[in-house]
Amino acid sequence: MMKMIIQKKSLAQEVADTLQHSIERGVFAINEKLPTEPELMQKFGVGRSTIREAIKYLSQLGFVNVQQGVGTFIISHSSNSILDEKIERADFADIFEVRQLLELKIVEKAASNRTTTHLKKMKKKLAERKQYGESGDMLRCITADIDFHILVAESCGNAILYQLYKTMSAHVSKFFSTLYKDTSTFTESQDIHEDLLQAISDKNAEKASKIAAKIIGRI
């Protein structure tokens, strides 16, 4: 008989789930601002990084929009529901297979369509990934890693590919939180991520695709 693996939820996932249920029940109106980070920290008894990770999940699922310096606003009472529910129930081998197919096409198109602004944002996220990886800050390291790949997807110029990848990333982020116990995997793969950014910057689609395949093969 095949054994079932029950993944333990992180604090961030539990906070996100609680907020998600409140949003789905209409506790918050569309365009209403969520409580501030300090208020949510006090309400849930958790740290700032946990709240930020929870908000990140909700953003990736299409519930909220984060406006830097302004606040986090409700944009939908439902997630990318049908697709999201299917992904939630899927085996992670299937999720990563789809992610790999998406990623290979995305980096190929990103190498052709990226802008200077995209490159600057990607470079910043890789710097954060390195910083948090070296300091052992797991949640922020995962967030920076996911954000980097989402920015690559955004730069590909295909809105559907971008949205599909963004939806997948919310679940990949949760999986990373349960799979990895420290940041060593992220520090060890920093150089190859830098290589990917360079290939995209050089508009070398073939090289970018090969590097992306190696990155996914490491997971």
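Description of the structure in this document. (Residues numbered from 1 in each chain as written. Predicted model: local features only at pLDDT ≥ 70, side-chain atom pairs only at ≥ 80, totals over all residues. Heavy atoms only, no water.)

**A look at the packing of aromatic side chains**
Any pair of aromatic rings gets described here by the distance separating the centres and the angle formed by the planes.
Thought 1: Counting across every chain of the model gives three aromatic pairs.
Thought 2: An angle of 50° between the planes, with centres 5.4 Å apart, marks the rings of Phe176 and Tyr180 as tilted.
Thought 3: Judged by relative accessible area, which is 12%, Tyr180 ranks as buried.
Thought 4: Ring centres 5.9 Å apart and planes at 75° place the aromatic pair Phe176 and Phe186 in the edge-to-face group. (Phe/Tyr/Trp six-rings, centres within 6.5 Å; stacked < 30°, edge-to-face > 60°. Buried < 20%, exposed > 50% of the residue type's maximum accessible area, 1.4 Å probe, protein only.)

**Observations regarding unusual backbone geometry**
Thought 1: Positive phi values are uncommon outside glycine, yet Asn31 reaches one of about 75°.
Thought 2: According to the relative accessible area criterion, Asn31 is exposed, its value standing at 59%.
Thought 3: With phi around 60°, Lys203 is a residue other than glycine that occupies positive phi space.
Thought 4: Tracing the backbone through its elements, the reader meets Lys203 in the loop between α10 (190–201) and α11 (205–217). (Helix = DSSP H or I, 4+ residues; strand = E, 2+ residues; numbered from the N terminus.)

**Side note on helix α6 (residues 116–135)**
Thought 1: Under the 1.5 Å per step criterion, the end-to-end length of α6 is 29 Å for 20 residues, consistent within 8% with the ideal 28 Å.
Thought 2: Among all positions in α6, only His118, Leu119, Met122, Lys125, Leu126, Glu128, Arg129, Tyr132 and Gly133 are buried.
Thought 3: After α6 finishes, the residue Gly136 shows a positive phi value of roughly 80°. (Expected span 1.5 Å × (residues − 1).)

**A short note on the side chain of Lys166**
Thought 1: One can find Lys166 in helix α8 (residues 159–179).
Thought 2: No salt bridge is formed by the buried Lys166, whose closest oppositely charged neighbour, Glu154, lies at an N-O distance of 7.9 Å.
Thought 3: Those residues in contact with Lys166 that lie beyond four places of it in its chain are Ser59, Gln60 and Ile150. (Lys, Arg positive; Asp, Glu negative; His and termini not counted. Salt bridge = Lys/Arg side-chain N within 4 Å of Asp/Glu carboxyl O. Contact = heavy atoms within 4.5 Å.)

**What to know about the nonpolar core**
Thought 1: Ile106, Val152, Phe176 and Leu196 are the most contacted members of the largest nonpolar core, which has 38 residues in total.
Thought 2: Only α5 (92–113), α6, α7 (138–154), α8, α10 and α11 provide two or more residues apiece to this core.
Thought 3: With ten residues, the single largest contributor to this core is α7.
Thought 4: Beyond its immediate sequence surroundings of up to four residues, Val152 is in contact with Ile106, Val107, Ala110, Met122 and Ile200.
Thought 5: Counting 19 residues, the second-largest nonpolar core is a separate cluster that includes Ala12, Ala16, Ile51 and Val64. (Core = buried A, V, L, I, M, F, W, Y, C linked by side-chain atoms within 4.5 Å.)

**Considering the pairing of strand β1 (residues 64–67)**
Thought 1: Across four bridges, β1 lies against strand β2 (residues 71–74) in antiparallel orientation. Along β2, the bridge assignment pairs Val64 with Ile74. (Pairing = 2+ DSSP bridges.)

**Overview of the pattern of salt bridges**
Thought 1: Taken as a whole and judged by the stated rule, the model has nine salt bridges.
Thought 2: A salt bridge links Asp147 to Lys56; the nearest nitrogen and oxygen atoms lie 2.3 Å apart. Here the residue Asp147 occupies a position in helix α7, and Lys56 occupies one in helix α3 (residues 48–60), the gap between them amounting to 91 residues.
Thought 3: If you follow the salt bridges from partner to partner, you end up with Lys56, Lys125, Glu128 and Asp147 in one network.

**Remarks on the environment of Glu32**
Thought 1: Summarising the element assignment, Glu32 is placed in the loop between α1 (11–24) and α2 (37–44).
Thought 2: We classify Glu32 as partly exposed; its relative accessible area is 32%.
Thought 3: The contacts of Glu32, once residues within four sequence positions are left out, are Val27, Thr72, Phe73 and Ile74.

**Here's the deal with the environment of Val172**
Thought 1: Structurally, Val172 can be placed in helix α8.
Thought 2: Note on Val172: relative accessible area 1%, which makes it buried.
Thought 3: The spatial distance from the C-alpha of Val172 to the C-alpha of Ile142 is 9.7 Å, given a sequence separation of 30 residues.

By themselves these figures say nothing about function.
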